[in-house]
Structure formats: structure tokens, C-alpha cells
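Observations on the three-dimensional arrangement
This is what each chain is made of:
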Amino acid sequence: MTQPLLRVENLQTHFATRAGTVKAVNGVSFDLRRGEILGLVGESGSGKSVTGQSILGLVDLPGRIVGGRVLFDGEDLVTAGEKRLRAIRGRRIAMIFQDPMMTLNPVLSVETQMVEAVLAHDKVGRAEARRRSRDALGRVGIASPDERLAAYPHQFSGGMRQRVAIAIALLHSPDLILADEPTTALDVTIQAQILFEVQTLCRETGTALLWVTHDLAVVSALADRVAVMYAGRIVETGPIADVIQAPRHPYTRGLLDSVPSRNRRGVPLRSIPGMAPSALDLPQGCAFQPRCGRADAACSVMPDLAPDAHAWRCWHPHDADAQGAAA
Amino acid sequence: MTQPILAVSGLSKRFERKLDVVERFARRLGAAVDDSVLHAVSGVDLTVAEGEVVGLVGESGCGKSTLGRMVAGLLTPSDGAIHWRGTDLRDLPPAGRHEANLKIQMVFQDPMASLNPRLRVADIIGEAPVVHRLVPRRNAAEAVAEMMRTVGLDPGYMRRYPHQFSGGQRQRIGIARALAVKPDFLVCDESVAALDVSIQAQIINLFMRLREELRLTYLFISHDLGVVQHISDRTAIMYLGRIVELAPTPELFAAPNHPYAKALLDEAPRVTLEKRRFAPIRGEIPSPLNPPAGCPFHPRCPHAMPRCSQERPDLREVAPGRWSACHLNDAF
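On a predicted model such as this, the values are computed, not experimentally measured, just so you know.

1. Comments concerning the overall build of chain B
A tally of regular secondary structure across chain B gives 11 helices and 12 strands. Against the 2.2 N^0.38 benchmark of 20 Å for 332 residues, chain B shows a C-alpha radius of gyration of 22 Å, consistent with a compact globule. If one aligns the C-alpha atoms of chain B with their principal axes, the spans along those axes are about 65 × 60 × 40 Å. In chain B, which comprises 332 residues, the proportion classed as buried is 49%. Counting only contacts in chain B whose residues sit at least 6 apart along the sequence, the fraction spanning at least 24 positions is 66%. Surface exposure of chain B reaches about 15700 Å², of which carbon and sulfur atoms provide 51%. Once the 41 positive and 37 negative side-chain charges of chain B are each reduced to a mean point, those two points are 5 Å apart.

2. Topic: the interface of chain A and chain B
The interface of chain A with chain B comprises 48 residues on the first partner and 42 residues on the second. Carbon and sulfur atoms supply 57% of the area that chain A and chain B bury against each other, a total of about 3800 Å² over both sides. Sorting the residues of chain A by area buried against chain B places Val188(A), Thr189(A) and Arg265(A) first, and these three jointly supply 17% of that buried surface. For the pair chain A and chain B, the number of links is zero salt bridges. Taken together, the links from chain A to chain B amount to seven residue pairs in polar contact (both at pLDDT 80 or more). At the level of secondary structure, the elements contributing two or more residues to the side of chain A that touches chain B comprise helix 8 (188-205), helix 9 (216-222), helix 10 (240-245) and helix 11 (250-258) of chain A. In terms of residue count, the dominant contributor to the side of chain A that touches chain B is helix 8 of chain A (10 residues). Residues of the side of chain A that touches chain B, tallied by class, amount to 24 nonpolar, 15 polar and nine charged.

3. Some details on the packing of helix 5 (residues 121-131) of chain B against helix 6 (residues 140-150) of chain B
For any two helices packed against each other, one specifies the inter-axial angle together with the distance between the axes. Residues and elements named next belong to chain B. Interhelical geometry of helix 5 versus helix 6 gives an angle of 110 degrees and a closest axis separation of 9 Å. Classified by the angle between their axes, helix 5 and helix 6 sit roughly perpendicular to one another. For the crossing formed where helix 5 meets helix 6, the hand is right-handed. When helix 5 is examined against helix 6, the residues Val121, Ala122, Ile125, Gly126 and Val130 are found in contact with a partner set consisting of Ala140, Val144, Met147 and Met148. Of the residues contributing to the contact of helix 5 with helix 6, the split by class is eight nonpolar, one polar and no charged.

4. Description of the domain arrangement of chain A
Residue and element names in this part refer to chain A. Taken domain by domain, chain A holds domain 1 (6-215) and domain 2 (236-312). The gap between the C-alpha centroids of domain 1 and domain 2 is 28 Å. Contacts between domain 1 and domain 2 engage seven residues on the former and five residues on the latter. Between domain 1 and domain 2, a total of about 520 Å² is buried, with carbon and sulfur atoms accounting for 63% of that surface. Among the residues of domain 1 in contact with domain 2, Ala19, Val22 and Glu43 are the three that bury the most area, contributing 55% of the side total. If you look at where domain 1 meets domain 2, you find zero salt bridges. At four residues, the largest contribution of residues to the side of domain 1 that touches domain 2 is made by strand 2 (residues 20-32). Along the lines of polarity and charge, the residues of the side of domain 1 that touches domain 2 split into two nonpolar, three polar and two charged.

5. A word on the pattern of salt bridges
All names here are of chain A. This model, assessed by the stated rule, comprises 30 salt bridges over all chains. A salt bridge links Arg92 to Asp73, with the nearest nitrogen and oxygen atoms 2.7 Å apart. Of the two residues, Arg92 is situated in the loop between helix 2 (82-88) and strand 6 (93-96) and Asp73 in the loop between strand 4 (63-72) and strand 5 (75-76); the sequence distance between them amounts to 19 residues. With a relative accessible area of 24%, Arg92 lands in the partly exposed category. A salt bridge links Arg130 to Asp146; the nearest nitrogen and oxygen atoms lie 3.7 Å apart. Of this pair, Arg130 sits in helix 5 (residues 126-139) while Asp146 sits in helix 6 (residues 145-149), placing them 16 residues apart in sequence. In this structure Arg130 comes out as partly exposed when scored by relative accessible area, which is 28%.

6. Some points on unusual backbone geometry
All names here are of chain A. Residues Leu61 and Pro62 are joined by a peptide bond in cis, for which omega reads 10 degrees. Looking at where Pro62 falls in the secondary structure, it is placed in the loop between helix 1 (48-55) and strand 4. The phi dihedral of Asn10 falls on the positive side, at around 50 degrees, and the residue is not glycine. Mapped onto the elements of the fold, Asn10 is located in strand 1 (residues 6-17). Not every positive phi belongs to a glycine, and Ala231 is a case in point at roughly 50 degrees. Summarising the element assignment, Ala231 is placed in the loop between strand 9 (225-230) and strand 10 (233-239).

Calculation criteria
Residues numbered from 1 in each chain as written. Chains lettered and ligands numbered in written order. Predicted model: local features only at pLDDT ≥ 70, side-chain atom pairs only at ≥ 80, totals over all residues. Heavy atoms only, no water. Helix = DSSP H or I, 4+ residues; strand = E, 2+ residues; numbered from the N terminus. Rg over C-alpha atoms; globule rule 2.2 N^0.38 Å. Buried < 20%, exposed > 50% of the residue type's maximum accessible area, 1.4 Å probe, protein only. Contact = heavy atoms within 4.5 Å. Areas by Shrake-Rupley, 256 points an atom, 1.4 Å probe, with all protein chains shown as cover. Lys, Arg positive; Asp, Glu negative; His and termini not counted. Charge placed at Lys NZ, Arg CZ, Asp CG, Glu CD. Buried area = accessible area lost by both parts, 1.4 Å probe. Salt bridge = Lys/Arg side-chain N within 4 Å of Asp/Glu carboxyl O. Polar contact = N/O pair within 3.5 Å; in protein donor to acceptor, adjacent residues only side chain to side chain. Nonpolar A, V, L, I, M, F, W, Y, C, P; charged D, E, K, R; others polar. Axes fitted to C-alpha atoms, helices over the stretch in contact; angles between N-to-C directions. Parallel < 35°, antiparallel > 145°, perpendicular 65-115°, else oblique. Left-handed = near helix turned anticlockwise from the far one by under 90°. Domains from an automatic or database assignment.

Now the structure itself:
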């Protein structure tokens, strides 16, 4: 077995706040192979975005990585210096954010921004940089890229801006793209267009993709594997079809049951009672136990995640053959 | 058929932007600048029966929120009429209109933006019924407590401020505020869109329980097809300010008639076991400042005919209870 492109080992990112330490990411481990799409799913506050930011060393203060390793192609990014990280960011690992206006500078033309991104990592001429920018725009499905290069971000619609952001991410044919909710703000038809482009590109270029989202539906259609996060930990991970078909962790099961289109029309949804615990005040042991119908005394000790392909962090998992709401 | 609780006919809303000084001067010099008019909603007809849930679906900019705001009385229509229990709101004396408006309440998307952060929950929920003399001031606390229990909040939290609640609880406060004046009709504008999936399910269940308990009628506006499919009896799909298809929900989701409805349903993400190949419709929604002639969907439609770019199809009944605005239905 070859070494994975990205290996995250026991990653811990904490935020020191006045009210106490928030363990936003609390021992997260996963692997990502070349060309693979991993969906990192969780609700607000589960730590999924901070996990993505930690990989690239983009966590803002008071957040700090306090433990674990992020091995990218064998190199630990946690201990790598800022200079080394800058050489990797944008070139070998690209990032796409939810709001493309976070990526784009509103007062510079798209051409200026894209050419600058090319020149930041490659010693090429301006004409060559411009040609590559134009090609990248064409690849994400922007019509008449030559004219659009001269435009400013505000002249694009939301979906087009996100395409420009993706085009910038693709400029250096990165090995890995970290995408943080990139289609959440977009309309359904535009989202489908973006997913289509991303799917095609990953297949053609062998780029690995970490897709951070709250939307199980998008992940189920796009990803090869999925990791479900709750309160800073991965609670279940596995090949996407296995997890959707036979969720073992009660939280995963609850999430799937909460999706309206998987329930009979008009019948009350099987929702998860209660709400996510405050990250300042996590219960002892399994963080999900206050909301879990299966919890008992054993749950006051945190279960481990087995090293299997389909693994879960639970003492009382659902049976593999018991179908979820998918029936 | 019994009288519908709400009927809108030919309802339109235009937002106009007047020219500024420089532009007026430029026009005098012969430049081609005009007042720009945005047709947010154009000629919408819709009836809602008592106790019914009508889902209103569409992408951003299609006018679904503007339609909802006109129904709730927050925007004045440019054209067309709103009939409340058979009476045209324009024909009512101010007092009567006031009363009708009170019966139609609205629940918004972002509870943090729609709740006053400096008021306590007791005031947020209790203010309107006291002002409208539905509840004497000395009984306000009781009424608030009852409202909070109705929506599943602990009345003990009455003295707290909105920021002390979670997103789902805040949405419950917003619902309690709407319900406090004893409405018959709720306009829910993306009321579950900002919530996490597990919390969203709780709020959807709450809406369905309240419908039974309080005999409410809903206009449920959402971009999320799964939510609308789950909760609504009939579904209307809007595109560029017009309803393009209106049908009973199960029939519409089983076999959409309009090409836009079809495309929208195909592309809605669903939790599936198989990986999907996305095959999107091309292009984007045209600007409502400059809508295309003929059928608004024709530039993106895979079945467009020459006729589609010249003549706008009317919303017609293509089968009992099913309405669609597409020329393809004439071919047969």
C-alpha cells in the first residue's frame, strides 16, 4: 500500500478563550489518497472547518494546534515553518471557501489576481501567466474567458465568482484541494454545475479533495468516503455507500433520519432531541450521550475509533443490517 | 368548493430606481439611459385553502420572498389584488385591513436578524398582543408563558435575551412571536434554512404540530425541495417572478411538467447510495431588470422552440389541479 497523500494524525486544535479552553478539534485522524474525495460532514460547531484550516496552518488566534501531525506527502505541516507553508499553499494544496468574496479582492480585476497567483509560485512571463489564467477559466466553464479576465469580481454572479475561485485553486494543478462549504451559498442549479465541474476535474487530474460540508446529500453524491464529526471528533467514517446504507453511530443515523426527503411525506421527522453541547462544557466520555437513546454507564468512557475501513466511535452501535430511514 | 382563505390575482411588484442627477443630465444630452425597473413579481395568481400548506419554491431572485412579503402586508403590491376570506383588502376600511393583516403573520429566516437583541423574550413575544389589545397588560406574562410552552420553550427563560439562546430556540421565539397575535395564516420565509439538519427537523415537526393544534394555514417559502416536499400539500415553483408550475406536491415531485421544474428536481441533492453524474442545465437565471422576451426560461430550456422566444406561455390547467406555463403542453 502506498503512502497516502494526506495523513492527519490525532490533530488537536484548541482555542484559549476567557471562558476556558475550547477543544474545537479534539484528536482527529484520517487519510486521504490521491484522486480520492473525502466528505467531512458535521453541524455547526463540530470542528469540521477548523480541521480544514488546521491542515494549512490557517487557524486564527486564539486558536492553536496543540497536538498531532499533518503529514502531507510525508512532510509534517504542523512543524513546518511559515515560509515552507507559503510555498505549499496555493501550489500543492489549494483552498476554496464558502464565500468567494473572501478569496477575491474586490478592487482588482480577475486577470490581475490570477496572474499574481501564477507568478507567486512559478517563474514564467506575464503572457504565459495570462494564458494559463485564461485556460483555467475555460476549464471551469466560464464562457468567453478572454473578456471575463478583464472583469472585476462584482461583475460576476455568485456562481461565477465561485467558479473564478475554483479556477484560481486549479492554477497550479494542486495535489489536494480543501473545499469548505463551497456550494452552500449557491442555488441548486448553480450548485449542480459546480459539482459537475469539480467531479470532472478530480477524475481527470487525479486531484484529491477534502469537501467540508454540513450537507449529507451533496456528500452522498460526490464523495468516495465520508467522515462524520461531532463535538471535535470523528464519530463515524467509512466508504460513503456503507455509511449511508448502514449508519452505525446513533448520531449519523439521527442525521440521516432528519433529512426530510428520506422520510414519508407529512409524517413527523425522527429528529435528534436536544442540541449540540457547548464546546466549553463537554460531557465526560461520549459527547453525544445526552442526546442518545442508547446511552448507558459505559458511555462515560470515550470509545475508540477502530482502524477499520468502516469505523465508529460507539459502545452501542446500530446493527449493520438494520436499515436506516432509507427504506 | 369552499371559499379560499387567501387568493391573490394578478399580483405584481415592481421596484423602480429613479435616475440620479448625472444620469438625467446625460439623458438630456442624448445618452440612452432609462429608469430601471425590476419586475420582482409579475402577475401571480394563487389561492390557498383553509388549513392548507402551499410550498413556494424557487432559486434566489425568483421573487418568492417578495410575494410572501406582499401577502404578509409588508410590501404594497404594484398591481393586482389580495383577497382575504373573499374580501379584497383594498376595499376594506383601514380598521378591517388592520385586522386582516393581523391574521397573517410572518416567520423569517434568520432569527438573529429578526429579533431585537435588546429586548427580553417576554417583551418580544408579549409586545404585539398587548399593543393590539388581544391581551390585557397585566396578563401578558401568562400569555407569553403559554406561547413559549406551545412552541416548546421553557417559560422560565422569559427574562433572557435572544443571544442567550441557540439557533433552534431563537427560531422558536420567532414562531412564538408570530403566533402571539393568534393568526390564521403564517408566511414562513426560509424559516428553517439557517438551521442545522437535526435542529431543522425539530422545527419542521413543530410547524406540523402547530398546524394541527391551531388549525393554521401556511405559505411555506423555501429553496429546499426536500423540506417543501415533506411539509406542503401543494407546491408552486417560481422562476423570474412568475409561477411556472403549481400542482399537488406528490404529483409534482413524481412527474414535473415544466422543464424548469424538471431540471430543478433533477438537480436537487438527495441522499443517495449511488454516486451521481451531475448533468446541469446551462446558464444562470437572467436578471429581472432585463428579463428575456417570451418564456422567461427559454434561454436555458432544452426544449425551446422558436415560439418560446416570442410568446409568453400562460399558466394553464394541464390536468385537474395541475397548472403549468409551457408551450410544450399545446403540442398534444
